[in-house]
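This is what each chain is made of:
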2 protein chains.
Amino acid sequence: MKIGVLQLNPIVGDIDGNAVKILAAARSAKDLGAEICLTSELALTGYPPRDLLLYGGFVDRARERADKLAAELRDCPPLLLGSVERNRTGQGKPVFNCALWCEGGTIRQTVRKTLLPTYDVFDEARYFEPAPAGDPEANLIRHNGLTLAVTICEDAWNDKDYWDARTYARDPLEEAAAGAPDVILNLSASPLFLGKQQLREDMLGAVARKYAVPLIYANQTGGDDDLVFDGRSCAFAPDGALLARAAGFEEDVLLVDTADPSANTVSKDDFRREAETWRALVMGTRDYVRKSCFSTALVGLSGGIDSAVTAVVAAEALGAENVTCVLMPSPYSSRGSIDDSLELAKNLGVKTLTLPIEPIMRAFDETLAGPFAGYGEDTTEENIQSRIRGNLLMALSNKFRALLLTTGNKSELAVGYCTIYGDMSGGFAVISDVDKTGVFNLARWYNAEVAPHIPGAIITKPPSAELKPDQKDQDSLPDYAVLDGILALHVEHQKSRREIIAEGYDEETVNKVLNLVRIAEFKRRQAAPGIKLTPRSFGTGWRMPLACRRDL
Amino acid sequence: MKIGVLQLNPIVGDIDGNAVKILAAARSAKDLGAEICLTSELALTGYPPRDLLLYGGFVDRARERADKLAAELRDCPPLLLGSVERNRTGQGKPVFNCALWCEGGTIRQTVRKTLLPTYDVFDEARYFEPAPAGDPEANLIRHNGLTLAVTICEDAWNDKDYWDARTYARDPLEEAAAGAPDVILNLSASPLFLGKQQLREDMLGAVARKYAVPLIYANQTGGDDDLVFDGRSCAFAPDGALLARAAGFEEDVLLVDTADPSANTVSKDDFRREAETWRALVMGTRDYVRKSCFSTALVGLSGGIDSAVTAVVAAEALGAENVTCVLMPSPYSSRGSIDDSLELAKNLGVKTLTLPIEPIMRAFDETLAGPFAGYGEDTTEENIQSRIRGNLLMALSNKFRALLLTTGNKSELAVGYCTIYGDMSGGFAVISDVDKTGVFNLARWYNAEVAPHIPGAIITKPPSAELKPDQKDQDSLPDYAVLDGILALHVEHQKSRREIIAEGYDEETVNKVLNLVRIAEFKRRQAAPGIKLTPRSFGTGWRMPLACRRDL
């Protein structure tokens, strides 16, 4: 069987645009010789549509467009289309997450998703009613004497032999396998975390082997707010071997030939951590800007490594001609920071703008002289500087309609080493799920593997916010290697204070770090969205109470 | 039977503090003659604990403290304690939401919640595994020859005779009723929306009548981030009549006597919209500030009605001596705005601080003169003013450790008539779920029913942001009555453009308003939390994609 996998980059909510894209890709697949095709999950609406799904009109429009698309596909091979339909049973959640079997100009069969991920960034139980239990034909499509087992994303992620602990009682794949399918199809929208593709290929290969049936997995590609979908749709032989893999981080139409393994192609890929990070940041930034209908972006360059890496990503994502870097030196800025920033901008070929902030700082000092009389300097004065810069950057953003990218990393965001309404200002937080250690690694990798654009001093000098004389990050924070170790355990692995200390970290340091994480929660609540790269980022999947006591 | 309802205001995560509170309340109930007691849902952890539940150590600590509390309660009547326990079945979500039957110094039985609300602000399917089906004794406790049917919040909200459409297939109340209980107990954490108590009393009374059994409902009270729990625990006779009601918006220990209806008390209450709004705003603000470990607050007074109402709420919630109002006039501020603000502050007895912003505006103009040369004035210059004020307010907040309250209303937040990092700056958005019409109504109600503190001119003059000469809100927005009508349909009732037009609104106006709502999504993503008062606020229950196409 020749199966066309349509790996596309939909825009969430753009039902018409996505339909046009799907039709074009189906025609390409037909030209390649596909006998049937499948899209990724919710390809017609884009994933995740979130609360758009609470609008019945939106769901109905998707269904109407699916009918029209099915008609437009009349001359194409049959297509499994990821979309939604209203739940009209009178019980349960308003919508079903579906695969619509478009054949002969119409929708002939509907397969509904059973397992609804509701953890981390996923909220599917909020919207979707699961497929009812008890129908052995529910996930099967009979076509030309063949039986297709159709599953949607999570439906294939609950195998009792693969996982130590299962999240769900049902296993729709096992139920479908009882129907002796000739192939298992899986429509997915599986967002990236670093290293996830190896997990997917291992798990899906194991499932194909278990049932001794070829398995085809179609993933979405593209950036959608905080999520990056890395594509890499793939296919497995009945013995679990990888048969074919589509491109990563871009659209692709993959033809899978289950009968002739040698006719398939496995796209080359680079699974190194920095390589994946780079591609994810570039795609995530490009798509956020583009899908927000912007074409240009601003980056405030401090002379530090975070803003340097953000600028490098922006230039790659949007083209250097579409990026303006803004220098806003204060009396505490070192000459080196200014020179390094200008050199970086020159290397990248981006425009720069320099706006010294001292006159505005003086105006604030004078305005606040009365109420502040008798009080010593503290972080207040540092925050004022940062917020002056935020105001200038937003003014440029407003005037020139350029999206402001924020430059903070995950370590800073974790411990609150950042100013709300100051350096946290902006529409998109490019590296907010990369810890400081990762930022350094990425900068070195970029200079070695992409282009040596980042001046060495930016990488080698000790990190500093330069908000007061001779300030260094390590004056108030533990060494970044220690900090990032503690944060990874606490934020990504939900380890408690006691467990982290038991792993050998100094008790006082752990207490200090966890306390900083706790008191910074209010800042994160108002942070810009940023690109998720780890199993747990400070984005839509981080839902902490604010006014609480927290001793974790 | 005499049943003590412990209606408390826990602090989320403060397991020890909440346990102490519960013990004291149980002793009070004992003194009143209670034979058994019940708390609200998750009284030991506070509701909602959100992602604290993902930390196994937190869940274990709650269980350890529950054991200790059970021992401490040895001399008290048996108590049903709302808390959590780990799911150790090896399948499903990590935690059960429980009622623990504490009797004779130990936990003798555990009832698990079955129906897990996962809509709007509720994310229970993210954390909790439902009670397994099939055990007819699961919700029953046998005590002294009596049978108690124990349900947790949503468990009682799925009656097929009461609701036109049901959310869930199971009905744990119906299952428990098959065991011929003598009383139905319900541990709840039911956050307010205006008018909800009438719904609760109607629905719960109908259920009591259906099963001809007394029903006791225990609710949490207090503010927790965006949620306000209004208490008003109540009890119903077997004929559905209201037997007893606890106080609204405060802690209370309610003794219910199911044998002697005349021995019960029904607390007086005021269900008028403005009265409920007022009490919710005051409690929500007080608890957010207090539970965040602040004691003082700042409000920027513009001379308009929104900041006036916010100041009035703050003074009531925190005491006038703990509130500072800040006036930051610009050249566009009218004399009337300044005078009205000062008069309001004087009436309330709060401190004021006046910081004219013209010198800082000039410094920004000079700094931006180069890049802005050749460009005309637009909203950029208005936003700069707003962000100068935000910076000043945050500087005062930082220096004096006073929580900044933001003053925007729901109508503004809906259409983006507010400046991100400007007037949106602050830790808590008091009136962000009150539309402009509601703000006017509340101001009039306050002057008539509480104290005539708000100067008449603040209520009667046309609303203006005063960010440019002679500016009025209605220069760029429809009349507020029209705007708020459209917004209620779209935001609270998920009506589409077409449906709103069909209700008689002008098509062009509807298109304009819905477009404004769409393009303001990025601002709301970074907005401060605020008090939910309607069935759908822009808080944790509003989850819209950002970089998308949206035609609802």
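All residue numbers here refer to positions counted from 1 along the written sequence of the relevant chain. Going through the entries in the order they are written, you letter the chains from A and number the ligands from 1. Since the coordinates come from a predicted model, pLDDT governs what is reported: local features require at least 70, and pairs of side-chain atoms require 80 or more to be given and counted, while whole-chain, interface and lining totals use all residues. Values reported for side chains reflect all heavy atoms of the structure, with hydrogen atoms and water molecules removed beforehand.

Using protein atoms alone on a 1 Å grid, points that fit a 1.4 Å probe yet trap it form a cavity, whereas open point sets bounded by protein on both sides within 12 Å along at least five of seven lines form a pocket; residues with an atom within 4 Å of a point count as lining. Grid points are joined across faces, edges and corners, and a volume is the space filled by probe spheres set on the points. Using the criterion set out here, one finds twelve cavities of 30 Å³ or more in the structure. Empty space within the largest cavity amounts to approximately 740 Å³. Lining the largest cavity are 32 residues, with Arg 525, Gly 539 and Thr 540 of chain A together with Arg 525 and Thr 540 of chain B sitting closest to its centre. Runs of H or I in DSSP of at least four residues are treated as helices and runs of E of at least two as strands, each being numbered from the N terminus. Among the elements of the structure, helix H18 (521-525) of chain A together with helix H18 (521-525) of chain B are those that each provide at least two residues to the lining of the largest cavity. Residue classes in the lining of the largest cavity are distributed as 14 nonpolar, five polar and 13 charged. Polar here means any residue other than Ala, Val, Leu, Ile, Met, Phe, Trp, Tyr, Cys and Pro, which are nonpolar, and Asp, Glu, Lys and Arg, which are charged; Gly is therefore polar.

Attention now goes to the relation of the copies chain A and chain B. Once turned by 180° and shifted 0.0 Å along the axis, chain A lies on chain B with an RMSD of 0.0 Å. Taken together, the rotation and translation describe the operation of a two-fold axis. Of every C-alpha in chain A, the one belonging to Gln 526 of chain A sits nearest the axis of rotation, 2.1 Å from it. Between two residues, a contact is recorded if the distance between any of their heavy atoms is within 4.5 Å. Most of the interface of chain A is mirrored in chain B, where 100% of its interface residues again form contacts. Overlaid copies result from least-squares superposition on C-alpha atoms, with residues included only where pLDDT is at least 70 in both.

What follows is about the sheet that holds strand S2 (residues 36-39) of chain A. Working definition: the strands of a sheet are paired by backbone hydrogen bonds and lie parallel or antiparallel to each other. All names here are of chain A. Paired strands, in this sense, are two strands between which DSSP finds at least two bridges. Spatial ordering of the open sheet is given by S5-S4-S3-S2-S1-S14, a layout of six strands whose pairing is mixed. Looking along the sheet, the strands with just one partner apiece sit at the ends: strand S5 (106-112) and strand S14 (252-257). On average, each strand axis in the sheet is tilted by 35° relative to the strand beside it, whichever way the strands run. In the sheet, strand S1 (residues 2-7) pairs with S2 via four bridges, with the strands oriented parallel. Along S2, the bridge assignment pairs Leu 6 with Thr 39. Packing against the sheet, helix H1 (residues 15-32) makes contact with S1, S2, strand S3 (79-86) and S14, and its axis sits at approximately 35° to S14. Here an angle of 0 to 180 degrees is reported between the N-to-C directions of two axes, which are lines fitted to C-alpha atoms, with helices fitted over the stretch in contact. Along the sheet face, helix H2 (residues 56-72) touches S3, strand S4 (95-103) and S5 and points at about 150° away from the line of S3.

Residue and element names in this part refer to chain B. When accessible area is computed with a 1.4 Å probe and restricted to protein chains, residues below 20% of their type maximum are described as buried, those above 50% as exposed, and intermediate ones as partly exposed. Most of helix H15 (residues 480-492) sits inside the fold, with ten of its 13 residues counted as buried. Those residues of H15 that fall on the buried side of the exposure criterion are Tyr 480, Leu 483, Asp 484, Gly 485, Ile 486, Leu 487, Leu 489, His 490, Val 491 and Glu 492. Looking at the buried positions of H15, the neighbouring elements they touch are helix H11 (410-415), helix H12 (436-449), helix H14 (473-476), helix H16 (497-502) and helix H17 (507-519). The first or second residue beyond H15 is Gln 494, which carries a positive phi of 50°.

All of the buried residues in helix H15 (residues 480-492) of chain A are Tyr 480, Leu 483, Asp 484, Gly 485, Ile 486, Leu 487, Leu 489, His 490 and Val 491 of chain A. Here the buried face of H15 of chain A lies against helix H11 (410-415), helix H12 (436-449), helix H14 (473-476), helix H16 (497-502) and helix H17 (507-519) of chain A.

Quick look at the interface of chain A and chain B now. Residue-level contacts link 94 residues of chain A with 94 residues of chain B. Defined here as a combined quantity, buried area equals the accessible surface (1.4 Å probe) lost by two parts on assembly, summed across both. Of all residues in chain A, Tyr 55, Lys 399 and Arg 549 of chain A bury the most surface against chain B, accounting for 11% of the area lost on that side. Salt bridges are counted wherever a side-chain nitrogen of Lys or Arg sits within 4 Å of a carboxyl oxygen of Asp or Glu. In this assembly, chain A and chain B are joined by eight salt bridges. Identification of polar contacts relies on pairs of N or O atoms within 3.5 Å, with a donor-acceptor requirement for protein atoms, meaning one able to donate a hydrogen and the other able to accept it, and with residues adjacent in sequence counted only if both atoms are side-chain atoms. Applying the counting rule to chain A against chain B returns 44 residue pairs in polar contact (both at pLDDT 80 or more). Among the elements that line the side of chain A that touches chain B, the one with the most residues is helix H10 (residues 379-400) of chain A, at 14 residues. Its residues assigned to classes, the side of chain A that touches chain B shows 48 nonpolar, 21 polar and 25 charged.

With that settled, consider the sheet that holds strand S15 (residues 297-301) of chain B. Residues and elements named next belong to chain B. Strand order in the open sheet formed by five strands is S17-S16-S15-S18-S19, with parallel pairing between adjacent strands. What marks the edges here is a single partner per strand, and that holds for strand S17 (351-354) and strand S19 (428-429). Judged from the four bridges that link them, strand S16 (residues 323-327) and S17 form a sheet pairing that is parallel. Bridge pairing in S17 links Leu 327 to Thr 354. Contacts from helix H10 (residues 379-400) reach S15, S16, S17 and strand S18 (403-406), with the element oriented near 160° to S15.

Let us look at the environment of Pro 529 of chain B. One can find Pro 529 of chain B in the segment after H18. Pro 529 of chain B gets classed as buried once you look at its relative accessible area, which sits at 9%. Through-space distance from the C-alpha of Pro 529 of chain B to that of Pro 132 of chain B is 35 Å; in sequence the pair is 397 residues apart. Those residues within four positions of Pro 529 of chain B in sequence are excluded, and the remaining contacts are Arg 525, Gln 526 and Leu 546 of chain A together with Tyr 288, Gly 427, Phe 428 and Ala 429 of chain B.

Side-chain positions along a regular strand alternate between the two faces of the sheet. Residues and elements named next belong to chain A. Pairing of S4 with S5, which is carried by six bridges, proceeds in the antiparallel orientation. Bridge pairing in S5 links Trp 101 to Gln 109. The loop that links S4 with its antiparallel partner S5 comprises two residues; one of these, Gly 104, has a positive phi angle of about 65°.

A separate point is the pattern of salt bridges. Residues and elements named next belong to chain B. Using the criterion set out here, one finds 89 salt bridges over all chains in the structure. In this structure, Arg 142 engages Glu 137 in a salt bridge whose closest nitrogen and oxygen atoms are separated by 2.7 Å. With relative accessibility at 44%, the residue Arg 142 sits in the partly exposed group. Judged by relative accessible area, Glu 137 falls into the partly exposed class, the value being 37%. The shortest N-O distance in the salt bridge between Glu 201 and Arg 245 comes to 2.8 Å. Taken together, the residues Glu 201 in helix H5 (residues 196-211) and Arg 245 in strand S13 (residues 242-245) connect sequence positions 44 residues apart.

So, about the packing of helix H1 (residues 15-32) of chain B against helix H2 (residues 56-72) of chain B. All names here are of chain B. Direction vectors running N to C along H1 and H2 enclose 25°, while the axes themselves pass 10 Å from each other. Between H1 and H2, the angle falls in the class roughly parallel. In the packing of H1 onto H2, the handedness of the crossing is right-handed. Residues Ile 15, Asp 16, Ala 19, Val 20, Ile 22, Leu 23 and Arg 27 of H1 touch H2, and the partners they reach there are Phe 58, Arg 61, Ala 62, Arg 65, Leu 69 and Glu 72. Of the residues belonging to the contact of H1 with H2, the class tally is eight nonpolar, no polar and five charged. Note on terminology: angles under 35 degrees are roughly parallel, angles over 145 are roughly antiparallel, angles of 65 to 115 are roughly perpendicular, and the others are oblique. Crossings are assigned a handedness: left-handed for a near helix turned anticlockwise from the far helix by less than a right angle, right-handed for a clockwise turn.

Once that is clear, we can look at the confidence of the model for chain A. Note on scores: pLDDT gives the predictor's confidence for each residue, bounded by 0 and 100. Per-residue confidence for chain A gives a mean pLDDT of 97; residues scoring 70 or more make up 100%. Taken together, the chains of this predicted complex give a pTM of 0.97 and an interface ipTM of 0.97.

This part covers the packing of aromatic side chains. In this analysis, rings of Phe, Tyr and Trp, with Trp reduced to its six-membered ring, are considered paired at centre separations within 6.5 Å, and the interplanar angle assigns stacked below 30 degrees, edge-to-face beyond 60, and tilted for intermediate values. For the structure on display, the rule yields 23 aromatic pairs over all chains. On the basis of an interplanar angle of 75° and a centroid distance of 5.0 Å, the ring pair of Tyr 162 of chain A and Trp 163 of chain A is categorised as edge-to-face. Tyr 162 of chain A gets classed as partly exposed once you look at its relative accessible area, which sits at 24%. Among the residues examined, Trp 163 of chain A registers a relative accessible area of 24% and is labelled partly exposed. Think of it as a cone above the ring: NZ of Lys or CZ of Arg counts as a charge over the ring if it is within 6 Å of the ring centre and within 35 degrees of the ring normal. The positively charged end of Arg 112 of chain B is found above the aromatic ring belonging to Phe 96 of chain B, 3.8 Å away from the centroid.

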